[in-house]
Amino acid sequence: MTVSGGEPLQQPAFLYELLCACREREIHTAVDTSGVAERAVLERVAAVADLFLYDLKIMADLEHRQYTGHSNTVVRDNLTFL
C-alpha cells in the first residue's frame, strides 16, 4: 500500500497507526513524501514503513527557495537520515 498526499508526514499519528496495522497484516507499505517533517516524526514512521518514495524537487537550496519559497535543508537532511 502506498500512502501519498498531500503530505502523509503531516498526519503522523494516523500514518503511524495505519502503517502498524498494515505491518500486522503483512501488507508491504510505501510512504510517498517530500520529506518536510520533524526528524522525530520521520524516525517513528521509518521504523514501521517498508519503503519511502522521496520527492526532492531541486537539489540546490537557492534554486529550491526560488521555485518553492522554502529552503530544502530539512528535506535533504531527512533524505540523508533515511
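Take the overall build of the protein chain next. Scanning the protein chain from terminus to terminus reveals four helices and three strands. Reading the protein chain from its N end, one meets helices and strands in the order β-α-β-α-β-α-α. Along the first, second and third principal axes, the C-alpha atoms of the protein chain reach 45 × 20 × 20 Å. By residue count, 33% of the 82 residues in the protein chain fall in the buried class. Of the contacts made within the protein chain by residues no fewer than 6 positions apart, 50% connect residues no fewer than 24 positions apart. Working note: accessible area of the protein chain is about 5200 Å², and carbon and sulfur atoms make up 53% of it. Of note, the protein chain has its 7 positive side-chain charges centred 2 Å away from the centre of its 12 negative side-chain charges.

In this section: the nonpolar core. Core analysis: the biggest nonpolar cluster contains 14 residues, and Leu9, Leu15, Leu19, Val31, Val45, Ala49 and Phe52 have the highest contact counts within it. Sorting the residues of this core by element identifies helix H1 (12-24) and helix H2 (39-46) as the ones contributing at least two each. Among the elements that take part in this core, H1 stands out by supplying four residues, more than any other. Leu9 has contacts with Leu15, Thr33, Val36, Ala37, Val41, Leu42 and Val45, leaving out every residue within four places of it along the chain.

Further remarks concern the side chain of Thr29. Checked against the element boundaries, Thr29 lands in the loop between H1 and strand E2 (30-33). Those residues within four positions of Thr29 in sequence are excluded, and the remaining contacts are Met1, Leu19, Cys22, Val48, Ala49, Asp50 and Leu51.

Before going further, it helps to spend a moment on the packing of H2 against helix H4 (residues 73-81). Two numbers describe a pair of packed helices, the interaxial angle and the distance between the axes. Packing of H2 against H4 brings their axes to within 11 Å, and their N-to-C directions diverge by 30°. When the interaxial angle is binned, H2 and H4 end up roughly parallel. For the crossing formed where H2 meets H4, the hand is right-handed. On the side of H2, the interface is formed by Arg39, Leu42, Glu43 and Ala46, while H4 contributes Asp77, Asn78 and Phe81. Here the contact of H2 with H4 is built from residues that sort into three nonpolar, one polar and three charged.

Analysis parameters
Residues numbered from 1 in each chain as written. Predicted model: local features only at pLDDT ≥ 70, side-chain atom pairs only at ≥ 80, totals over all residues. Heavy atoms only, no water. Helix = DSSP H or I, 4+ residues; strand = E, 2+ residues; numbered from the N terminus. Buried < 20%, exposed > 50% of the residue type's maximum accessible area, 1.4 Å probe, protein only. Contact = heavy atoms within 4.5 Å. Areas by Shrake-Rupley, 256 points an atom, 1.4 Å probe, with all protein chains shown as cover. Lys, Arg positive; Asp, Glu negative; His and termini not counted. Charge placed at Lys NZ, Arg CZ, Asp CG, Glu CD. Core = buried A, V, L, I, M, F, W, Y, C linked by side-chain atoms within 4.5 Å. Axes fitted to C-alpha atoms, helices over the stretch in contact; angles between N-to-C directions. Parallel < 35°, antiparallel > 145°, perpendicular 65-115°, else oblique. Left-handed = near helix turned anticlockwise from the far one by under 90°. Nonpolar A, V, L, I, M, F, W, Y, C, P; charged D, E, K, R; others polar.

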